[in-house]
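Next come the chains, spelled out residue by residue.
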Amino acid sequence: AVLSIALTPSLALMVAFIARGELDYFITGLFVAVLPALTFYYARNLQEIVNRSLLLSFENAALRRDFEEKSLLLETALENMDQGISMCDSHDRLRMWNSHFTDLLGQTGALVSADVDLTEILDSAALPIPNLNDGEFEYRLPDGRVYEIRQTRLNTGGRVLTYTDISKLIKR
């Protein structure tokens with residue numbers, strides 16, 4: 001539609017310029033004839049770019065919703081576990097934890113935040129928690145509670161530690 005509307009007056013102008021017979025008028029007439037075709041071409045390309053951009057925007061919004069939903073599900077699962085859990089990266093920076101972990105640390109739990117050094121946090125606990133290699137050990141608190149702490153190394157160089165209250169099992 002754009003091409004047919006723009007082409008009719010352009011052709012008339014082109015014929016008028018060419019009819020004058022001079023080179024300057026001929027070039028101007030040719031330019032006037034080509035301009036609507038170029039406009040149409042670039043308008044069509046612009047439309048394709050806008051359509052692709054909108055499609056990507058909708059896809060990104062859907063991916064963001066999926067990510068947020070999965071993050072919420074993971075956070076809910078971690079907070080509803082009976083175990084404490086902490087995970088750090090290859091530089092020993094804390095990346096993930098749950099409230100059972102911070103509760104186990106006592107007052108030191110208030111210092112827990114993303115990117116803090118996990119070893120420093122464990123050493124700062126009222127009763128320091130030893131830094132282990134892979135494996136497990138029992139951690140006894142002065143109030144009689146006993147935790148089994150397990151550490152697993154990750155392929156990325158980080159580690160995951162779980163803290164399970166085994167006090168009732170020990171008393172049996």
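Everything that follows concerns the structure shown earlier in this document.
Residues numbered from 1 in each chain as written. Predicted model: local features only at pLDDT ≥ 70, side-chain atom pairs only at ≥ 80, totals over all residues. Heavy atoms only, no water.

### Observations regarding the overall build of the chain
Move 1: In terms of regular secondary structure, the chain is built from five helices and five strands.
Move 2: Listing the helices and strands of the chain from first to last along the sequence gives α-α-β-β-α-α-β-β-β-α.
Move 3: Expressed as a percentage of its 172 residues, the buried residues of the chain come to 27%.
Move 4: Taking contacts inside the chain between residues at least 6 apart in sequence as the whole, the part at least 24 apart equals 29%.
Move 5: As presented, the chain carries roughly 12000 Å² of accessible surface, and 60% of it is formed by carbon and sulfur atoms. (Helix = DSSP H or I, 4+ residues; strand = E, 2+ residues; numbered from the N terminus. Buried < 20%, exposed > 50% of the residue type's maximum accessible area, 1.4 Å probe, protein only. Contact = heavy atoms within 4.5 Å. Areas by Shrake-Rupley, 256 points an atom, 1.4 Å probe, with all protein chains shown as cover.)

### Observations concerning the nonpolar core
Move 1: Phe 101, Leu 105 and Tyr 163 are the most contacted members of the largest nonpolar core, which totals 19 residues.
Move 2: When residues in this core are grouped by element, the largest group, three residues, is from helix α4 (residues 118-124).
Move 3: Setting aside residues up to four positions removed in sequence, Phe 101 forms contacts with Gly 84, Ile 85, Ser 86, Leu 94, Val 112, Leu 118, Ile 121, Leu 122 and Tyr 163. (Core = buried A, V, L, I, M, F, W, Y, C linked by side-chain atoms within 4.5 Å.)

### Some remarks on the packing of aromatic side chains
Move 1: Per the stated rule, a full pass over the model turns up one aromatic pair.
Move 2: Residues Phe 101 and Tyr 163 carry aromatic rings whose centres are separated by 5.2 Å and whose planes lie at 35 degrees to one another, so their mutual orientation is tilted. Of this pair, Phe 101 sits in helix α3 (residues 99-104) while Tyr 163 sits in strand β5 (residues 159-165), and the two are 62 residues apart along the sequence.
Move 3: Residue classification places Phe 101 among the buried residues on the basis of a relative accessible area of 0%. (Phe/Tyr/Trp six-rings, centres within 6.5 Å; stacked < 30°, edge-to-face > 60°.)

### Some points on the pattern of salt bridges
Move 1: Evaluated as defined, the whole model comprises nine salt bridges.
Move 2: Here Arg 44 and Glu 48 are joined by a salt bridge, their closest N and O atoms 4.0 Å apart. With Arg 44 and Glu 48 both in helix α2 (residues 23-79) and four residues apart, the pair spans about one turn of that helix.
Move 3: By relative accessible area, Arg 44 is classed as partly exposed at 48%.
Move 4: The partly exposed category is assigned to Glu 48, whose relative accessible area is 34%.
Move 5: In this structure, a network of salt bridges that share partners links the residues Arg 44, Glu 48 and Arg 52. (Salt bridge = Lys/Arg side-chain N within 4 Å of Asp/Glu carboxyl O.)

### Examining the pairing of strand β2 (residues 94-97)
Move 1: Relative to β2, strand β1 (residues 84-88) runs antiparallel, the two being bridged by three bridges. Directly across from Ser 86, in β2, lies its bridge partner Trp 97.
Move 2: Between β1 and β2, which pair antiparallel one after the other, the connecting turn spans five residues, and Asp 92 there sits at a positive phi close to 65 degrees. (Pairing = 2+ DSSP bridges.)

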